[in-house]
Amino acid sequence: MNEFVTWQSLGTYAGAVMMVTLITQFLKQTPLGRMNVQLLSYGIAAALLIGAEAFAGSAVTVQGVLLCLINAVMVALAANGVYDAASTGLQKVPARGYLHEEE
């Protein structure tokens, strides 16, 4: 296992979401953290997806970049959702008594 992250893995949905989540959380502790987190994660997602396309060996085209910008929306929203779910845990889930049956 020589490489934790490859450009091919960053080009996948799961790889991109994972890396955008990690980089966004890291950058929140810097002066960039003062900006809107959704915009920050979108910028990271767009840069990663375009970089993955460029460095994975495929030719970068206008159509490819536009698709990367569109896909970056889904990756950024997923990355924000992953962090929100992990940080709040089950606090946002309404208690409905599924685990404890009333008798």
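Higher on the page you've got the structure.
Note that the structure is predicted; figures quoted are calculated from it, not measured.

Q: Can you walk me through helix α2 (residues 13-27) in this structure?
A: The end-to-end C-alpha separation of α2 is 21 Å, in line with the 21 Å expected for 15 residues at 1.5 Å each. Of the residues making up α2, those classed as buried are Gly15, Ala16, Val17, Met19, Val20, Thr21, Thr24 and Leu27.

Q: Before we go on, may I ask you to explain the nonpolar core in this structure?
A: Note on soluble globular proteins: their nonpolar side chains tend to be buried together. One finds Val20, Ile44, Ala45, Leu48, Leu49 and Val75 to be the most contacted residues of the largest nonpolar core, which totals 19 residues. No other element matches the 7 residues that helix α3 (residues 37-55) contributes to this core. For Leu49, the residues in contact, after removing those within four places along its chain, are Leu10, Ala16, Cys68, Asn71, Ala72 and Val75.

Q: Would you mind showing me how to read helix α4 (residues 62-88) here?
A: One full turn of an α-helix is made of 3.6 residues, so residues set three or four places apart face in the same direction. In this model, α4 (27 residues) spans 39 Å end to end at C-alpha, consistent with the 39 Å of a helix rising 1.5 Å per residue. Taken as a whole, α4 has its buried residues at Gly64, Cys68, Ala72, Val75, Ala76, Ala78, Ala79, Asn80 and Thr88. Buried residues belonging to α4 abut α2 and α3.

Q: Help me out: how do you make sense of the packing of aromatic side chains in this one?
A: Think of a pair of aromatic rings as described by two things: how far the centres are apart, and how the planes are tilted against each other in angle. Inspection of every chain in the model, using the stated rule, returns 1 aromatic pair. Seen in terms of ring centroids, Trp7 and Phe55 are 4.8 Å apart; in terms of plane orientation they differ by 35°. Their pairing is tilted. Placement of the pair is Trp7 in helix α1 (residues 7-10) and Phe55 in helix α3, with a sequence separation of 48 residues.

Rules and cut-offs
- The numbering scheme is per chain: residues are counted from 1 as the chain's sequence reads.
- Residue-level local features of this predicted model are given only where pLDDT is at least 70; pairs of side-chain atoms are given and counted only at 80 or more, and the full residue set underlies all totals for whole chains, interfaces and linings.
- Only heavy atoms go into the side-chain values, all of them from the structure, while hydrogens and water stay out.
- Think of it this way: any DSSP run of H or I at least four residues long counts as a helix, any run of E at least two long counts as a strand, and we number them from the N terminus.
- Here a helix's expected span is defined as the number of its residues, less one, multiplied by 1.5 Å.
- Here the term buried applies to any residue with accessible area under 20% of the maximum for its type, exposed to any over 50%, and partly exposed to those in between, with areas from a 1.4 Å probe on protein chains only.
- Nonpolar cores are built from buried Ala, Val, Leu, Ile, Met, Phe, Trp, Tyr and Cys residues. Side-chain atoms within 4.5 Å join them into one set.
- The contact definition used throughout considers only heavy atoms, calling two residues in contact when any of these lie within 4.5 Å.
- Pairs were defined over the aromatic rings of Phe, Tyr and Trp, the Trp ring being its six-membered one, requiring ring centres within 6.5 Å. Orientation was assigned from the angle between planes: stacked under 30 degrees, edge-to-face over 60, tilted for the rest.

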